[in-house]
Amino acid sequence: MTSRRSARYMRNGDCITEDEQQLLSRARVCVLGCGGLGGYIIEMLARAGFGYLKVVDGDVFDESNLNRQILSNPDNLGRNKALAAGLHVQAINSEINCVPIPEYISADNVQAHIGDCDIVMDALDDMAVRKIVAGACQEMGKVYIYGAIAGWYGQVATIHSGDVTYPLLFDYHQRRGEEVRLGNPSFTPAVVAGIEVSECVKTILNKGKSLRNSMISIDLLNNEVETIKIEV
Amino acid sequence: MKITVRLFATFRENREKESTIETAPGTKVEDVVRTFNIPPEDVAIIMINGRGKTLKDVLSEGDVLALFPPVGGG
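Rules and cut-offs
- Residues numbered from 1 in each chain as written.
- Chains lettered and ligands numbered in written order.
- Predicted model: local features only at pLDDT ≥ 70, side-chain atom pairs only at ≥ 80, totals over all residues.
- Heavy atoms only, no water.
- Core = buried A, V, L, I, M, F, W, Y, C linked by side-chain atoms within 4.5 Å.
- Buried < 20%, exposed > 50% of the residue type's maximum accessible area, 1.4 Å probe, protein only.
- Helix = DSSP H or I, 4+ residues; strand = E, 2+ residues; numbered from the N terminus.
- Contact = heavy atoms within 4.5 Å.
- Buried area = accessible area lost by both parts, 1.4 Å probe.
- Salt bridge = Lys/Arg side-chain N within 4 Å of Asp/Glu carboxyl O.
- Polar contact = N/O pair within 3.5 Å; in protein donor to acceptor, adjacent residues only side chain to side chain.
- Pairing = 2+ DSSP bridges.

Further remarks concern the nonpolar core. For soluble globular proteins, the rule of thumb is that nonpolar side chains tend to be buried together. Residue and element names in this part refer to chain A. Residues V29, V31, I41, L45, F50, L53 and M121 are the most contacted members of the largest nonpolar core, which totals 41 residues. When residues of this core are traced back to their parent elements, those giving at least two are β1 (28–32), α3 (36–48), β2 (52–56), α4 (81–92), β4 (119–122), β5 (143–150), α9 (187–205) and β7 (214–219). Here the element with the most residues in this core is α3; it accounts for 7 residues. Sequence-distant contacts of I41, defined by excluding residues within four places in its chain, comprise V31, M121, D122, A123, A193, E196 and V197.

What follows concerns the interface of chain B and chain A. With 25 residues of chain B at the contact, the number on the chain A side is 39 residues. Here chain B and chain A share an interface that buries about 2,300 Å² over both sides, 54% of which is from carbon and sulfur atoms. Among the ionic pairs, D219 of chain A bridges to R12 of chain B, the shortest N-O distance being 3.8 Å. For the interface between chain B and chain A, the tally reads 19 residue pairs in polar contact (both at pLDDT 80 or more). Every element with two or more residues in the side of chain B that touches chain A is listed here: β3 (45–48) and β4 (51–52) of chain B.

Turning our attention to the sheet that holds strand β5 (residues 64–68) of chain B. All names here are of chain B. As summarised here, the arrangement of the 5 strands in space is β2-β1-β5-β3-β4, forming an open sheet in which the pairing is mixed. Whereas interior strands pair on both sides, the edge strands pair on one side only; in this sheet they are β2 (18–22) and β4. Bridge count for strand β1 (residues 2–7) against β2 is 5 bridges, and the pairing is antiparallel. Each residue of the ladder has a partner; that of I3, found in β2, is I21.

The next subject is the pairing of strand β6 (residues 153–159) of chain A. All names here are of chain A. Counting buried positions over the 7 residues of β6 gives 7, a clear majority of the element. The pairing of β5 with β6 spans 7 bridges and is antiparallel. Its bridge partner lying in β6, I149 is registered against G154. Counted between consecutive antiparallel strands, the loop separating β5 from β6 contains 2 residues, among which G151 sits at a positive phi close to 60°.

Encoded structure:
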């Protein structure tokens, strides 16, 4: 007998086995930001079968989001992004416990929001806020999956407490990066989000090779993808 | 002394992604960054031989210096 639930995940095949599917259903993931990266990340986490998703964003959709933010459409402009994400997850799979938080993340609320999750997914667009979140994850022992984009370029790293990537990646003074000049097209967020979600799945399933103490640097303009090892 | 400089993302625009250059002993990261006409304040991540460093660190013979611009969008 094939249950309705296993039919949903049948095409995960041997890539994610039935036992592993159970592990995903028990995992608790927090997605910070429900815009370009966040929209794709939430879509993929929901389809993958994560059982608990907390989605956080204080912003509302506007017309300039339509070029890339998969959760935005002309009918929800002006609506909060986290609430839109919650509705979308429910539409994909009503069994997922999705908690939308329509707030901006800050030093004051970060610990409360990530506290009940195993993994924190970075879909933020402010480097100062990333620094706060990365620091909180270090302090609280949460796995932080860093992802950032600018134009044709992207970066992803998986950071556990005490990893050398933490001081290295967040020792900057900037608040915004090259995305101010280059913007963000439709495809870069999808690529970076895909790598972030694959890191999240592998972390929960404890399989494959992770981007711990390393960073993947993506250049879609020249088709160059490189994993840079960071020496301990 | 010889060092290798690796540039990433937008730093590659109109520049070689990797080059070996001749520098004087005592050269700092900041000096090399200026040689490439990159404003030092535009650099976000600096690595020498895969370890995190700052603009003020001094380079040694054979070092591989990697420079990344800030990538901050989401």
